[in-house]
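# Coordinate inspection notes
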Amino acid sequence: MGKKFSSDQHRRRVPYRDPRTTFLVVCEGQTEEHYLHFIKGRLGRGTIRVETDRGNSDCMSIVNLAVRHARGDTQRGIDPQRYDQIWVLFDWDEHTDEVRRARQVAEAAGIQVGLSNPNFEVWLLWHFMDYMQCGCLKPHVDAALKKVWPHYVKGQKTNFNELPRNNDDPQQGVKHAIHRAEQARRYFGDHPESFTYPDDRPSTDVDQLLTSIIRAWESSHGPDEKCSLLSE
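Each chain carries its own residue numbering, running from 1 in the direction its sequence is written. Under the rules for a predicted model, residues below a pLDDT of 70 receive no local features and side-chain atom pairs below 80 are neither given nor counted, while totals for whole chains, interfaces and linings still include all residues. As a rule here, side-chain values come from all non-hydrogen atoms in the structure, and water together with hydrogens is ignored.

Along its length, the chain carries nine helices and five strands. Working definition: helices are DSSP H or I runs of at least four residues, strands are E runs of at least two. Numbering for both runs from the N terminus. Counting from the amino terminus, helix and strand elements in the chain follow one another as α-β-α-β-α-β-α-β-α-α-α-β-α-α. Seen through its principal axes, the chain has C-alpha atoms that stretch 80 × 40 × 35 Å. Should any heavy atoms of two residues lie within 4.5 Å, those residues are considered in contact. In the chain, 72% of the contacts between residues at least 6 apart in sequence involve partners at least 24 apart. Using the Shrake-Rupley algorithm and a 1.4 Å probe, accessible areas are obtained, with residue cover drawn only from the displayed protein chains. Of the roughly 12,800 Å² of accessible surface on the chain, a fraction of 46% belongs to carbon and sulfur atoms.

Moving on to the layout of surface pockets. A cavity here means a set of 1 Å grid points, computed over protein atoms only, where a 1.4 Å probe fits but cannot escape. A pocket is an open set with protein on both sides within 12 Å along at least 5 of 7 lines, and lining residues have an atom within 4 Å of a point. Grid points are joined across faces, edges and corners, and a volume is the space filled by probe spheres set on the points. The volume enclosed by the second largest pocket comes to roughly 170 Å³. Arg-103, Leu-115, Asn-117, Arg-185, Phe-188, Gly-189, Tyr-197, Asp-200, Ser-203, Thr-204, Asp-205 and Gln-208 are the residues that line the second largest pocket. Broken down by secondary-structure element, the contributors of at least two residues to the lining of the second largest pocket are strand S4 (112-117), helix H7 (174-190) and strand S5 (203-204). Examining the composition of the lining of the second largest pocket, we find that three residues originate from one element, H7, more than from any other. Here the nonpolar group is Ala, Val, Leu, Ile, Met, Phe, Trp, Tyr, Cys and Pro; Asp, Glu, Lys and Arg are the charged ones; every other residue, Gly included, is treated as polar. Of the residues contributing to the lining of the second largest pocket, the split by class is three nonpolar, five polar and four charged.

Each pair of strands is called paired provided DSSP finds at least two bridges between the two strands. Spatially, S2-S1-S3-S4-S5 is the arrangement adopted by the five strands of the open sheet, whose pairing is mixed. Strands at the two margins of the open sheet, each flanked by one partner only, are strand S2 (48-54) and S5. Strand direction decides the pairing type here: strand S1 (residues 21-27) and strand S3 (residues 85-91), joined by five bridges, are parallel. The residue bridging Phe-23 from the neighbouring strand is Gln-85, located in S3. As a rule, the C-alpha atoms of each element are fitted with a line to give its axis, helices using only the stretch in contact, and angles between N-to-C directions run from 0 to 180 degrees. Helix H2 (residues 30-43) contacts S1, S2 and S3 of the sheet and is inclined by roughly 165° relative to S2.

So this is what it looks like as structure tokens:
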């Protein structure tokens, strides 16, 4: 007589869902991807997941890759339920119309956009100092960053351990970079007649990604524990 199975055993097995808050960030370049791996290391293991992927250098291909993750692709083994938040990070780099279209496609698909204007380096610069040269271009930001971080090298060789921590200086670190990005956003928002996109420079939305990551970390740890990105 054959072995009998209960009705529960015949039910389709539900795929495992990692209980941790899981982020996917599709990046434009190696610097951004490397920075996020650095942030993961600062947060430690086991609380949230931050995964990265990298598309081609144009913003539309980055968004298309993120959309594929959001919608799922069974042939490529991409589960649309894997991620709680999907972000794309790219720079303006004077590609006004392309960036505008990419943002529209991303937002329509429920993907959050971390645009840096003119470039990602403004986010790194704000770890060190206040910088509000309105209308700045990439060479201006790069030159300012080089003054405060002479050893900065773009790409995989960037040593993010050289970034200041919050307790190194009362006006430096991730906490102050977030504050400066928020201040710039408020300033441009208060002057829409002069500083609509793409003239809202310098600006970045990377602070909003970091804030989402920090909130997920704090939610998993409880109110009595302070995220190291803000406390150290």
